[in-house]
Amino acid sequence: MADLRAAFLNVYSQLKSELLQDPSFEFTDDSRQWVDRMLEYNVPGGKLNRGLSVIDSYRLLKEGKELTQDEIFLASALGWCIEWLQAYFLVLDDIMDNSHTRRGQPCWFRVPKVGLIAVNDGVLLRNHIGRILKNHFRGKPYYVDLLDLFNEVEFQTASGQMIDLITTLEGEKDLSKYSLSKHRRIVQYKTAYYSFYLPVACALVLAGENLDNHTDVKNILVDMGIYFPVQDDYLDCFGNPETIGKIGTDIEDFKCSWLVVKALEICNEDQKKVLYENYGKPDHANVAKVKALYNELNLKGVFEEYESTSYKKLVTSIDAHPSKAVQAVLKSFLAKIYKRQK
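Note that the structure is predicted; figures quoted are calculated from it, not measured.

### Looking at the nonpolar core
Trp84, Phe137 and Met224 are the most contacted members of the largest nonpolar core, which has 83 residues in total. Take this core: its biggest share by element is 16 residues, from helix H4 (residues 69–96). Counting residues domain by domain, this core receives three or more from each of domain 1 (1–138) and domain 2 (144–341). Those residues in contact with Met224, other than ones at most four positions away along the chain, are Phe196, Leu314, Ile318, Leu330, Phe333, Leu334 and Ile337. Of all hydrophobic cores here, the second largest spans 29 residues; its members include Phe254, Cys256, Trp258 and Val261.

This is the structure in structure tokens:
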């Protein structure tokens, strides 16, 4: 795995260097340095799970056959396209949320002299994906399929972000807007498609598969991609801050969290009143009252039951898939997230 990560990072260096020499634009020293610094700050700094998953998945689809250098390079390039997409979303997301830190450092727009230039940097990051695909896949029979795939997933993610933003409009804090179906739609579109479906879809296309024949795979991955943010919501409240690396603020931030929609579903009128009066308030006393109510409603137990049911359903769906190689891909994704602590 360490070798794979090192090889993956080498491909990043090559892709970056190609982008900084792109013949369609006459770079000055200043503009080249700006893009170089912007990429270094925003693209390779995360866990790289999505990008590495493309290589993992492709390897499993090839059922143990030794991958050629070319195959490793192409799978890595597609993995980096997903990491570029993620960087583009996060740079703009942080501006919209007025966030302060990301991955342990100030958000890009908070860096001195960057400010709202970060908006254009987000646009550039998005455009780099098309440049990478053109440079390395234009001659492939599946080139158009890759373009369609990235365009569709970007559209779904941006639409999910829109539902999230208009649901939590400042000054319109209204818990009655929150429901399990609303929560599901937000996480399905905002997270599941690009984080879970896209890496496997890239591997399938690279392996010569037609995505229209794999709607069952998409459905399983989207279900996994819904279960994942529910875990995040649970860990935000009940996880150990030292393990998850941050102190949860979903209650203060009035987030449409799985915990609050589940609480609204099972609480009585008096308990609902406590939620309405305290959810989304920054004061520690308000947060403590919400957490006490969550404990009163045994949301830990409710989550554990949800986790167990989701897991069984996913395993049943995966086992029903006719291809052992595809099963292996799906099981490797599920193993990474089931009962995770961070």
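Still more ground to cover, so stick around.
### A closer look at the domain arrangement of the protein chain
Domain boundaries in the protein chain define domain 1 (1–138) and domain 2 (144–341). When each unit is reduced to the centre of its C-alpha atoms, the spacing between domain 1 and domain 2 is 25 Å. Contact with domain 1, which involves 26 residues of that partner, is made by 25 residues of domain 2. Scanning the region where domain 1 abuts domain 2 turns up 2 salt bridges. If you look at where domain 1 meets domain 2, you find 7 residue pairs in polar contact (both at pLDDT 80 or more). For the side of domain 1 that touches domain 2, the elements supplying multiple residues, two or more each, are helix H3 (49–61), H4 and helix H5 (117–137). It is H4 that contributes the most residues to the side of domain 1 that touches domain 2, 12 residues altogether. Tallied by class, the residues present in the side of domain 1 that touches domain 2 amount to 16 nonpolar, 3 polar and 7 charged.

### Some words on the pattern of salt bridges
Using the criterion set out here, one finds 16 salt bridges in the structure. With its nearest N and O atoms 3.8 Å apart, the salt bridge here joins Lys62 to Glu71. Measuring nitrogen to oxygen at the nearest pair gives 3.9 Å for the salt bridge that ties Asp250 to Lys255. A relative accessible area of 11% means that Asp250 is categorised as buried. A network of salt bridges, in which partner residues are shared, links Lys16, Asp36 and Glu40.

### As for the environment of Lys255
Mapped onto the elements of the fold, Lys255 is located in the loop between helix H9 (241–244) and helix H10 (258–266). Between the C-alpha atoms of Lys255 and Arg184, which are 71 residues apart in sequence, the distance is 13 Å. The contact partners of Lys255, leaving out residues within four places of it in the chain, are Tyr178, Asp233, Asp250, Val260 and Tyr279. Only 2.8 Å separates the side chain of Lys255 from the side chain of Asp233, close enough to count as a polar contact.

Procedures and definitions
Residues numbered from 1 in each chain as written. Predicted model: local features only at pLDDT ≥ 70, side-chain atom pairs only at ≥ 80, totals over all residues. Heavy atoms only, no water. Core = buried A, V, L, I, M, F, W, Y, C linked by side-chain atoms within 4.5 Å. Buried < 20%, exposed > 50% of the residue type's maximum accessible area, 1.4 Å probe, protein only. Helix = DSSP H or I, 4+ residues; strand = E, 2+ residues; numbered from the N terminus. Domains from an automatic or database assignment. Contact = heavy atoms within 4.5 Å. Salt bridge = Lys/Arg side-chain N within 4 Å of Asp/Glu carboxyl O. Polar contact = N/O pair within 3.5 Å; in protein donor to acceptor, adjacent residues only side chain to side chain. Nonpolar A, V, L, I, M, F, W, Y, C, P; charged D, E, K, R; others polar.

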